[in-house]
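Examining the three-dimensional arrangement
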Amino acid sequence: MTLRRVGDGEYVEEHGGDYEDFDPGMLIRHWPGRTITETDNTWLTLLTMNQHPLHFDRAYGEGAEYGRVLVNSGITLCLVGGMTVQALSARAVANLGWDKVRLKDPVYVGDTLYAESRILHKRLSRSRPGQGIVTVETTGRKSSGEPVIVFERSFMVRCRESRERPPGPTAPQPHEAS
């Protein structure tokens, strides 16, 4: 989070970054983490129409290879990716894609996940002046430290000198006392 001064003693909270804020090699530890509940896993698994019983049938899970229900890996990707938005892409022009998604260790209901991202590279856009592309490698880890997912993601952000405030609601203005 960054605070931008807008007046005497007044600030607006900003998230994400401009192209110039990212340098290859930077490591960003995202916070907070997230503990996955049974409800998260069951609802999101069924919402996405994944009907494999390993994700929501306790009796089936107990008889399967891992001996219990597994968290749907799509949920793991979404949660870990979501943890990165505040620091990385909250002001992005576009998410360009994920690459090299690798699942490293199973995730179970009750596990708490955290994320960290390393800036791999960045370049100015050839087709969109005033914008750049940033590529990161994100690792999701259990609270015990073992990695559960690693992926690359690329997104487009504005360059600082050409950035205009995006359309939409502005920060609330304080009311003057009567």
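Everything below is about the structure printed above this text.
1. Here we look at the overall build of the protein chain
A tally of regular secondary structure across the protein chain gives 3 helices and 7 strands. Its C-alpha radius of gyration of 20 Å places the protein chain more than 25% over the 16 Å reference for a compact globule of 178 residues. Principal-axis analysis of the C-alpha atoms gives the protein chain an extent of 60 × 50 × 30 Å. Expressed as a percentage of the 178 residues in the protein chain, the buried residues total 34%. Of the accessible surface of the protein chain, which amounts to about 11000 Å², a share of 52% is contributed by carbon and sulfur atoms. Taking the average location of the 22 positive side-chain charges in the protein chain and that of its 23 negative ones, the two points are 5 Å from each other.

2. Structural notes on the environment of Val107
The residue Val107 is located in the loop between strand E4 (94-103) and strand E5 (112-124) in this model. Residues Val107 and Thr76, spaced 31 residues apart in sequence, show a C-alpha to C-alpha distance of 7.7 Å. Those residues in contact with Val107 that lie beyond four places of it in its chain are Ile36, Leu70, Val71, Thr76, Leu113, Lys142 and Val148.

3. A word on the sheet that holds strand E7 (residues 147-158)
Read across the sheet, 5 strands follow the order E3-E5-E6-E7-E4 without closing on themselves; strand pairing throughout is antiparallel. In the strand order of this sheet, the two ends are held by strand E3 (27-35) and E4, each with one partner. Averaged over all pairs of adjacent strands, the angle between strand axes in this sheet comes to 20°, irrespective of strand direction. In terms of strand pairing, E5 meets strand E6 (residues 131-142) through 11 bridges, oriented antiparallel. The residue of E6 that forms the bridge with Leu124 is Gly132.

4. Brief notes about the packing of aromatic side chains
Counted under the stated rule, the structure contains 1 aromatic pair. When the ring centre of Tyr108 is taken as reference, the NZ or CZ atom of Arg68 above it lies at 3.4 Å. Above the plane of the ring of Tyr19 lies Lys122, whose end atom (NZ or CZ) is 4.4 Å from the centre.

5. A word on the nonpolar core
Counting 11 residues, the largest nonpolar core is built from Ile36, Val71, Ile75, Val80, Met83, Val107, Leu113, Ala115, Val148, Ile149 and Phe151. Mapped by element, the contributors of at least two residues to this core are helix H3 (73-84), E5 and E7. Contact partners of Ile36, with chain neighbours within four places excluded, come to Val71, Leu79, Val107, Val109, Gly110, Asp111 and Leu113. Grouped together as the second largest cluster of nonpolar side chains are 10 residues, Leu88, Val136, Phe155 and Cys159 included.

6. So, the pattern of salt bridges
Tallied over the full model, the rule gives 12 salt bridges. In this structure, Asp40 engages Arg34 in a salt bridge whose closest nitrogen and oxygen atoms are separated by 2.6 Å. Residue Arg34 is classed as partly exposed on the basis of its relative accessible area, which comes to 33%. Residue Lys100 pairs with Glu152 through a salt bridge whose shortest N-O separation is 3.6 Å. You can see Lys100 sitting in strand E4 and its partner Glu152 sitting in strand E7, a full 52 residues away along the chain. Classification of Glu152 as buried rests on a relative accessible area of 16%. What emerges from the salt-bridge pattern is a single network uniting Asp18, Asp21, Arg91 and Arg160.

7. Re the pairing of E7
With respect to burial, E7 is a largely interior element, 10 of its 12 residues being buried. Judged from the 7 bridges that link them, E4 and E7 form a sheet pairing that is antiparallel. From the neighbouring strand, Arg102 faces E7, where its bridge partner is Val150. The hairpin turn running from E6 into E7, its antiparallel successor, is 4 residues long, and Gly145 in that turn takes a positive phi close to 110°.

Calculation notes
Residues numbered from 1 in each chain as written. Predicted model: local features only at pLDDT ≥ 70, side-chain atom pairs only at ≥ 80, totals over all residues. Heavy atoms only, no water. Helix = DSSP H or I, 4+ residues; strand = E, 2+ residues; numbered from the N terminus. Rg over C-alpha atoms; globule rule 2.2 N^0.38 Å. Buried < 20%, exposed > 50% of the residue type's maximum accessible area, 1.4 Å probe, protein only. Areas by Shrake-Rupley, 256 points an atom, 1.4 Å probe, with all protein chains shown as cover. Lys, Arg positive; Asp, Glu negative; His and termini not counted. Charge placed at Lys NZ, Arg CZ, Asp CG, Glu CD. Contact = heavy atoms within 4.5 Å. Pairing = 2+ DSSP bridges. Axes fitted to C-alpha atoms, helices over the stretch in contact; angles between N-to-C directions. Phe/Tyr/Trp six-rings, centres within 6.5 Å; stacked < 30°, edge-to-face > 60°. Lys NZ or Arg CZ within 6 Å of the ring centre and 35° of its normal. Core = buried A, V, L, I, M, F, W, Y, C linked by side-chain atoms within 4.5 Å. Salt bridge = Lys/Arg side-chain N within 4 Å of Asp/Glu carboxyl O.

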